[in-house]
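Report on the structure
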Amino acid sequence: MKILVPVKRVVDYNVKVRVKADGTGVETSGVKMSMNPFDEISIEEAVRLKEKGVATEVIAVSMGVAACAETIRTALAMGADRGILVESAVELQPLAVAKLMKALVDKEQPQLVILGKQAIDDDMNATGQMLAALLGWPQGTFASKIEISGDGISVTREIDGGLETLALTLPAIVTSDLRLNEPRYASLPNIMKARKKPIETMKPEDLGVDPTPRLTLVSVAEPPKRQAGKKVGSVAELVSKLRTEAKVI
Amino acid sequence: MSAVLASSPTGCIAENPFLREEHIALRDQLRRFIRTEVAPHAGQWEIDGMVPRSILRRMGELGFLGIRYAQRYGGSEMDTIATAVLAEELGRSTFGGFAITVLVHTDMASPHIANAANAAQLDRYMPDIIAGRKIAAVAVTEPDAGSDVAAIRTTARREGDDWVLNGTKMYITNGVHGDVVLVAAKTDVSAKASRGVSIFIVEAGTPGFTIGRALDKQGWRSSDTAELVFEECRIPAINLLGSENRGFYAIMRNFQNERIVLGAQAMGEAQAALALTLDWVRNRKAFGGTLWDKQVIRQRLSMLASRVEAARCLVYQAAWLDAQGRDCIKDVSMVKALCGELVNDVMYDCQQFHGGMGYMRESAIERMVRDARIQAIGGGATEVMLEEVAKRL
Ligand SMILES: Cc1cc2nc3c(=O)[nH]c(=O)nc-3n(C[C@H](O)[C@H](O)[C@H](O)COP(=O)(O)OP(=O)(O)OC[C@H]3O[C@@H](n4cnc5c(N)ncnc54)[C@H](O)[C@@H]3O)c2cc1C
Ligand SMILES: Cc1cc2nc3c(=O)[nH]c(=O)nc-3n(C[C@H](O)[C@H](O)[C@H](O)COP(=O)(O)OP(=O)(O)OC[C@H]3O[C@@H](n4cnc5c(N)ncnc54)[C@H](O)[C@@H]3O)c2cc1C
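Quick caveat: nothing in here was measured; it's all calculated off a predicted structure.

Conventions used here
- Residues numbered from 1 in each chain as written.
- Chains lettered and ligands numbered in written order.
- Predicted model: local features only at pLDDT ≥ 70, side-chain atom pairs only at ≥ 80, totals over all residues.
- Contact = placed C-beta atoms within 7 Å.
- Helix = DSSP H or I, 4+ residues; strand = E, 2+ residues; numbered from the N terminus.
- Nonpolar A, V, L, I, M, F, W, Y, C, P; charged D, E, K, R; others polar.
- Near = placed C-beta within 6 Å.
- Core = buried A, V, L, I, M, F, W, Y, C linked by C-beta atoms within 7 Å.
- Buried ≥ 20, exposed ≤ 12 C-beta atoms within 10 Å, placed from the backbone.
- Domains from an automatic or database assignment.
- Pairing = 2+ DSSP bridges.
- Axes fitted to C-alpha atoms, helices over the stretch in contact; angles between N-to-C directions.
- Parallel < 35°, antiparallel > 145°, perpendicular 65-115°, else oblique.
- Left-handed = near helix turned anticlockwise from the far one by under 90°.

Some words on the interface of chain A and chain B
Counting residues at the interface gives 17 residues for chain A and 19 residues for chain B. Taken together, the elements giving at least two residues each to the side of chain A that touches chain B come down to helix H2 (68–78) and helix H5 (188–194) of chain A. Each residue belonging to the side of chain A that touches chain B can be placed in one class, and the counts come to nine nonpolar, four polar and four charged.

What follows is the structure, encoded as structure tokens:
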């Protein structure tokens, strides 16, 4: 069984993002970029399935600028077997990514695609669902546990008030949540080995997809600064402040 | 992609043209390891006076202890640039004692084996060293011979199939808890030191080899440092490392690597201190604004950040020269002199701008000030390094 895992290059989660002065987005030039943390979890899960003998090949896919090859390389160092880079100069929105992924699924014929539940840059939480719809495959989103047996997969999802377990038939789409696993470190010998693993490069045209954005970004702004809290001495003072200052009662 | 990005002292980004993709990958793994496995626990290691062996073994598993060593022993055959990345990131951890525990093992002690050992010695020691199962120390300095290496008085005399060591070594990092010590001793007392010193492998527990005392230090508190005593310590002849009487050259050669590493470590420490201080002064309120609003503070920190960035470039340039196999004694001596002093300048101002908090044990900067002091003394004191530069100007 082949597993396809898309990995997105995003601003590193340790970076304090800054909105560009002209409000067209966040500053990314000169900012540290890394693999979307949810995609790291997806790679980890796929590699574990391979180590258990359930999967035979793990393919990491990244889409965007040429530097996405670095993100693929990270996946290869964690244990993915090969990479596919879809190079595109235009911004890729979830629908375009889902269409490109569909084309790759048609080409590679995987039984499972594991995506992150969202990317930490735009928090869209859409690509996995769109891909499932385009393929007509069952989907298990926000997975905190998955188990494969025969041609089925059971996906445990975290929902309000508890856990829900779905039984899906393969091929299927899974999107990973934070608690699915803890991604491994890429050991130095594996980082070096990853340099020799193949990365195939292609363009959206090669896959017959027009990636032109359908959504227009109007503006991006910093959230308002949170004010420091206040300590009150008594319930009476609290009530009076709620009435006169906060004006909520 | 030959030019890639690396964090600068200020937390934003400066190009580091020396780093390739695998260097960045190494750095990212180190940062994660330090953030999750080191930073939350290292305060306790400072109290314990040692780094737990389990941490060193974990670093071994991840390949951090075999960066430049042969793949057949578990190494990754990377270059001096990767070594500089390791040292810089360990320095950035803010725990100098942890950093030096690792760096003495990887870059000051074990290179003696990697560079000079015969096949049997390599097979015996390298796999355990790279895996972190055996921790190495190097013992050159003595109570009466530090900068002046040629003045060492420890001797080794040949008796049949053995060597017998006598003497005392001082300030030996990893000396208390290390497993393998590379000991410099005179094997020809009548010759000049440059022609009469050899290096020996001495394993912990060898009869006649004892720890005189564990030393109590100003900083580097999580690093164990010892006085080592050799009294009729008998080791088999096969424990001679490299050629007899050629040890002085081995020491001089390895000093180059050691000093690149110390320079990189110091600049990692300086970057971390500047980042902590920036964060502090941007949040600390005084006189109707933050401390960052005071031009004198902004300017002093900006100049320090500039000096650190420049020194860091020199470190990587020296590492690059070394990686090309080029002679770089002048560059490396400059690195050691410059970085050893600069890290102390940085710590002084960073502590100053922390105000009273900088004097409190609970602040990281207080520890970093203590840790930095040795950078101008150990592994080639500033004055001695400047003499090496002067000879080559
Ligand atoms: C915490 C710690 C860990 C250490 N770890 C190790 C270790 O693992 N292995 C090891 O072998 N050693 C180790 N050392 C020893 C260290 O390398 C020496 O302390 C260092 O080389 C200085 O030698 P010294 O202490 O004898 O000082 P000295 O050589 O006595 O120097 C004292 C002062 O005189 C100055 N000076 C000396 N010669 C000259 C000159 N020609 N011109 C101008 N000024 C001069 C020096 O710059 C210095 O300021 C360690 C030391 C410390 C403190
Ligand atoms: C061991 C110890 C004992 C003490 N004992 C006492 C005591 O008994 N009683 C007591 O009341 N206090 C005591 N203090 C407090 C001490 O006086 C203060 O720490 C000191 O006044 C500095 O204030 P701060 O720590 O708030 O630093 P800050 O005022 O926050 O200063 C931090 C840094 O900013 C700089 N800075 C501040 N303002 C400006 C400016 N306008 N322009 C440029 N730079 C500026 C400072 O020079 C300093 O480098 C003690 C402190 C210590 C560490």
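Some words on the site of ligand 2
Close to ligand 2 lie B:Arg284, B:Ala286, B:Phe287, B:Leu291, B:Lys294, B:Val296, B:Ile297, B:Gln352, B:Phe353, B:Gly355, B:Gly356 and B:Tyr359, which account for all nearby residues. Here the shell around ligand 2 is composed, by residue class, of seven nonpolar, three polar and two charged.

Describing the nonpolar core
Among the nonpolar cores identified, the biggest contains 179 residues, and A:Val5, A:Ala60, B:Phe200 and B:Val315 are the most heavily contacted of them. The element best represented in this core is helix H7 (residues 247–283) of chain B, accounting for 17 residues. Every residue in contact with A:Val5, bar those within four places of it in the chain, is listed here: A:Asp39, A:Ser42, A:Ile43, A:Ala46, A:Val58, A:Ala60, A:Val61, A:Ala75, A:Ala80 and A:Ile114.

Points about the domain arrangement of chain B
The accessible area lost on association of the parts is a frequent measure of interface size. Residues and elements named next belong to chain B. Here chain B is partitioned into domain 1 (4–134), domain 2 (137–245) and domain 3 (248–391). Taking only C-alpha atoms, the centre of domain 2 and the centre of domain 3 are 30 Å apart. Across the boundary between the two partners, domain 2 contributes 12 residues, which contact nine residues of domain 3. Of the residues contributing to the side of domain 2 that touches domain 3, the split by class is seven nonpolar, five polar and no charged.

Some words on the pairing of strand E6 (residues 180–186) of chain B
Each regular strand carries side chains that alternate between the two faces of the sheet. Residue and element names in this part refer to chain B. Taken across its seven residues, E6 has seven buried, putting it largely inside the fold. By the alternation rule, side chains of E6 split into Val180, Leu182, Ala184 and Lys186 and Val181, Val183 and Ala185, which are all buried. Summarising the sheet, strand E3 (residues 136–139) and E6 pair through four bridges and their orientation is parallel. Across the sheet, the residue bridging to valine 138 is leucine 182, located in E6. Two elements, E6 and strand E7 (residues 197–203), share seven bridges in a ladder whose sense is antiparallel. Residue pairing in the sheet places valine 181 in a bridge with valine 202 of E7.

Things to note about the environment of A:Glu45
Here A:Glu45 is to be found in helix H1 (residues 37–51). Along the primary structure A:Glu45 and A:Val5 are separated by 40 residues, whereas in three dimensions their C-alpha atoms are 9.8 Å apart.

Some details on the sheet that holds strand E6 (residues 112–116) of chain A
All names here are of chain A. If you walk across this open sheet you meet the nine strands as E9-E8-E7-E10-E6-E1-E4-E5-E11, and the pairing is mixed. What marks the edges here is a single partner per strand, and that holds for strand E9 (162–169) and strand E11 (199–202). Within this sheet the neighbouring strands show an average axis-to-axis angle of 30 degrees, counted without direction. Inspection of the sheet shows strand E4 (residues 57–64) paired to strand E5 (residues 82–87) by six bridges, in the parallel sense. If you follow isoleucine 59 over to E5, its bridge partner there is arginine 82. In this fold H2 packs onto strand E1 (2–6), E4, E5 and E11, with an angle of close to 160 degrees to the strand it touches most, E4. Sitting on the sheet, helix H4 (residues 127–135) is in contact with E6, strand E7 (139–149) and strand E10 (172–176), with an inclination near 65 degrees to E7.

Details of the site of ligand 1
Residues and elements named next belong to chain B. Around ligand 1 sit 22 residues in total, of which Thr141, Gly146, Ser147, Ala381 and Glu383 are the nearest. Listed by contribution, the elements that provide at least two residues to the shell around ligand 1 are E3, strand E5 (162–173) and helix H11 (382–391). Partitioned by chemical class, the residues of the shell around ligand 1 number 12 nonpolar, seven polar and three charged. Each of domain 2 (137–245) and domain 3 (248–391) gives at least three residues to the shell around ligand 1.

Thoughts on the packing of H7(B) against helix H8 (residues 295–323) of chain B
All names here are of chain B. It is at 10 Å that the axes of H7 and H8 come closest, and there the two elements cross at 155 degrees. Considering the angle they form, H7 stands roughly antiparallel to H8. When the axes of H7 and H8 are compared, the crossing they make is left-handed. Only Ile297, Leu301, Leu304, Ala305, Val308, Ala311, Arg312, Val315, Ala318, Ala319 and Asp322 of H8 make contact with H7, whose side of the interface consists of Gln256, Ile260, Gly263, Ala264, Met267, Ala270, Gln271, Leu274, Thr277, Leu278 and Val281.

Section: the environment of A:Thr175
Residues and elements named next belong to chain A. When you line up the elements, threonine 175 lands in strand E10. Along the primary structure threonine 175 and aspartate 39 are separated by 136 residues, whereas in three dimensions their C-alpha atoms are 9.1 Å apart. Excluding its chain neighbours within four sequence positions, the residues that come into contact with threonine 175 are Leu115, Gly116, Lys117, Gly128, Thr141, Phe142 and Ala143.

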